Amino acid sequence: MAELIDEANERAEFNISIAIANARINHSAVSATHCKGCGEPIPEKRRVAVPGCTMCIECQNFTDKRKKAGIA
């Protein structure tokens, strides 16, 4: 039972963090055309979906994992 409560709390915490991140997005920001991590072009779909993005999804995921691990 405690395991289910922990899982529900983790899910709620995740949903709250996503909502906060979405609220902080500047929807009028201009996205970069090329990734600041690898220099490759950022796909149009990503630039539209994530206004103000500066990295491709691969570099962003790598950066996020490093930050989460405290390596940033």
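It should be noted that the structure appears before, not after, this text.
Residues numbered from 1 in each chain as written. Predicted model: local features only at pLDDT ≥ 70, side-chain atom pairs only at ≥ 80, totals over all residues. Heavy atoms only, no water.

Peer 1: Got a minute to help me understand the overall build of the chain in this structure?
Peer 2: A count of helical and extended segments in the chain gives three helices and zero strands. Starting at the N terminus and walking to the C terminus, you meet the elements of the chain as α-α-α. For 72 residues, the compact-globule estimate of 2.2 N^0.38 gives 11 Å, and the chain exceeds it by more than 25% at 16 Å. Structurally, the chain occupies a C-alpha span of about 50 × 30 × 20 Å along its principal axes. Going through the 72 residues of the chain one by one, you find that 12% of them count as buried. Long-range contacts, defined here as pairs at least 24 residues apart, represent 9% of the contacts in the chain between residues at least 6 apart. Total accessible area on the chain is roughly 6000 Å²; 58% of this is exposed by carbon and sulfur atoms. Between the averaged position of the 10 positive side-chain charges in the chain and that of its 9 negative side-chain charges there is a distance of 9 Å. (Helix = DSSP H or I, 4+ residues; strand = E, 2+ residues; numbered from the N terminus. Rg over C-alpha atoms; globule rule 2.2 N^0.38 Å. Buried < 20%, exposed > 50% of the residue type's maximum accessible area, 1.4 Å probe, protein only. Contact = heavy atoms within 4.5 Å. Areas by Shrake-Rupley, 256 points an atom, 1.4 Å probe, with all protein chains shown as cover. Lys, Arg positive; Asp, Glu negative; His and termini not counted. Charge placed at Lys NZ, Arg CZ, Asp CG, Glu CD.)

Peer 1: Teacher, can you tell me more about a nonpolar patch on the surface here?
Peer 2: Among the surface-exposed residues, Met1, Leu4 and Ile5 lie close enough to one another that they form a single nonpolar patch of about 370 Å² accessible area. Along the polypeptide, Ile5 turns up in helix α1 (residues 2–24). (Patch = residues over 30% accessible without salt bridge, like charges linked within 9 Å, V, L, I, M, F, W, Y side chains within 5 Å. Salt bridge = Lys/Arg side-chain N within 4 Å of Asp/Glu carboxyl O.)

Peer 1: Sorry, what's going on with helix α3 (residues 57–69) here?
Peer 2: Under the 1.5 Å per step criterion, the end-to-end length of α3 is 18 Å for 13 residues, consistent within 8% with the ideal 18 Å. Within two residues after α3, Gly70 carries a phi angle of roughly 80°, on the positive side. (Expected span 1.5 Å × (residues − 1).)

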